[in-house]
Amino acid sequence: MAFEALGELLDEALTLPIRGKPYRVPAPSAEVGLLTQALVHAAAVAADGGRADEQVLADAAERNHYRDVLGPTYDELIADGVSWPELKHAALTCMVWIAQDRVAAERFWNSGGDPNRLAPNRAARRRSGGASTTKNPASTSGTSTPSAPARAKAKGKRRK
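Here is what the cut-offs are and how they apply
- Residues numbered from 1 in each chain as written.
- Predicted model: local features only at pLDDT ≥ 70, side-chain atom pairs only at ≥ 80, totals over all residues.
- Heavy atoms only, no water.
- Helix = DSSP H or I, 4+ residues; strand = E, 2+ residues; numbered from the N terminus.
- Buried < 20%, exposed > 50% of the residue type's maximum accessible area, 1.4 Å probe, protein only.
- Areas by Shrake-Rupley, 256 points an atom, 1.4 Å probe, with all protein chains shown as cover.
- Pairing = 2+ DSSP bridges.
- Phe/Tyr/Trp six-rings, centres within 6.5 Å; stacked < 30°, edge-to-face > 60°.
- Core = buried A, V, L, I, M, F, W, Y, C linked by side-chain atoms within 4.5 Å.
- Contact = heavy atoms within 4.5 Å.
- Polar contact = N/O pair within 3.5 Å; in protein donor to acceptor, adjacent residues only side chain to side chain.
- Expected span 1.5 Å × (residues − 1).

(A) Seen up close, the overall build of the chain. Along the backbone of the chain there are 10 helices and two strands. Within the span of the chain, comprising 160 residues, buried residues form 24% of the whole. Total accessible area on the chain is roughly 11900 Å²; 54% of this is exposed by carbon and sulfur atoms.

Printed below as a string of structure tokens:
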């Protein structure tokens, strides 16, 4: 078995529909991808109450990171006169795509960036049919703990 050409395996673009027009955003450079990963991580650390990496934030501030993640599509969006919320949502969606994957980016896009729409609340789950019926996976460790009666029985059989 041989390795297939990487370009044929990876979908290296995102198409975002804005105002009825599809905008194709190509994959960023490795440098932009690495900075985006670090920036998203720093933001997550800060959101959890930790201390963000100030150098990463300074690097992102020195650059127009939205322009970087949107690539040539940035100029097309500006020329078409999109609104600030549309540009911001497109750029943040691309950051999710870069830091995570296409599925996460689609969820973010379709939620309008609203975290409440990303993770439905309890009432919404009830309206949609109640609690999940997915069972927790069984332990795969190969070990088990005997029940209390089995432990007592085994203890009684031990010779001292």
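This is not the end of the story, as more comes after the structure.
(B) Region of the structure containing the pairing of strand β1 (residues 13-18). With six bridges connecting them, β1 and strand β2 (residues 21-26) associate as antiparallel partners. Among the inter-strand pairings, I18 is bridged to a residue of β2, identified as K21. Connecting β1 to the next strand, β2, in antiparallel fashion are two residues, including R19 with a positive phi near 55 degrees.

(C) Quick peek at the packing of aromatic side chains. Using the criterion set out here, one finds one aromatic pair in the structure. Centre to centre, the rings of Y66 and W84 are 5.9 Å apart; their planes meet at 25 degrees, and the pair counts as stacked. Residue Y66 is located in helix α4 (residues 65-70), and its partner W84 is located in helix α6 (residues 84-99); the two are separated by 18 residues in the primary sequence. Accessibility expressed as a relative area gives 52% for W84, which makes it exposed.

(D) Molecular detail of the nonpolar core. Among the nonpolar cores identified, the biggest contains 29 residues, and L16, I18, V25, V69, L70, L77 and A90 are the most heavily contacted of them. Contributing elements (two or more residues each) for this core: β1, β2, α2 (30-47), α4, α5 (73-79), α6 and α7 (102-111). In terms of residue count, the dominant contributor to this core is α6 (eight residues). Residues within four places of L16 in sequence aside, it is in contact with K21, P22, Y23, V25, A90, T93, C94 and W109.

(E) Here's a closer look at the side chain of H65. Checked against the element boundaries, H65 lands in helix α4. The class for H65 is buried, based on a relative accessible area of 6%. Reaching out from H65, the side chain makes a polar contact with the side chain of T36 at a distance of 2.8 Å.

(F) A look at α6. In a regular helix each residue adds 1.5 Å, so 16 residues correspond to 22 Å; α6 covers 22 Å between its end C-alpha atoms and thus fits that length. When we look at burial in α6, the residues that qualify are L87, H89, A90, A91, T93, C94, M95, V96, W97, I98 and A99. Buried residues belonging to α6 abut β1, β2, α2, α4, α5 and α7.

(G) Examining unusual backbone geometry more closely. Even without glycine at this site, R19 takes up a positive phi of about 55 degrees. Note on R19: relative accessible area 56%, which makes it exposed.

(H) Region of interest: the environment of E86. With respect to the secondary-structure elements, E86 resides in helix α6. In sequence terms E86 and I18 are 68 residues apart; their C-alpha atoms lie 7.5 Å from each other. Leaving out residues up to four positions away in the same chain, E86 has contacts with I18 and R19. A polar atom in the side chain of E86 sits 2.8 Å from the backbone nitrogen of S83.

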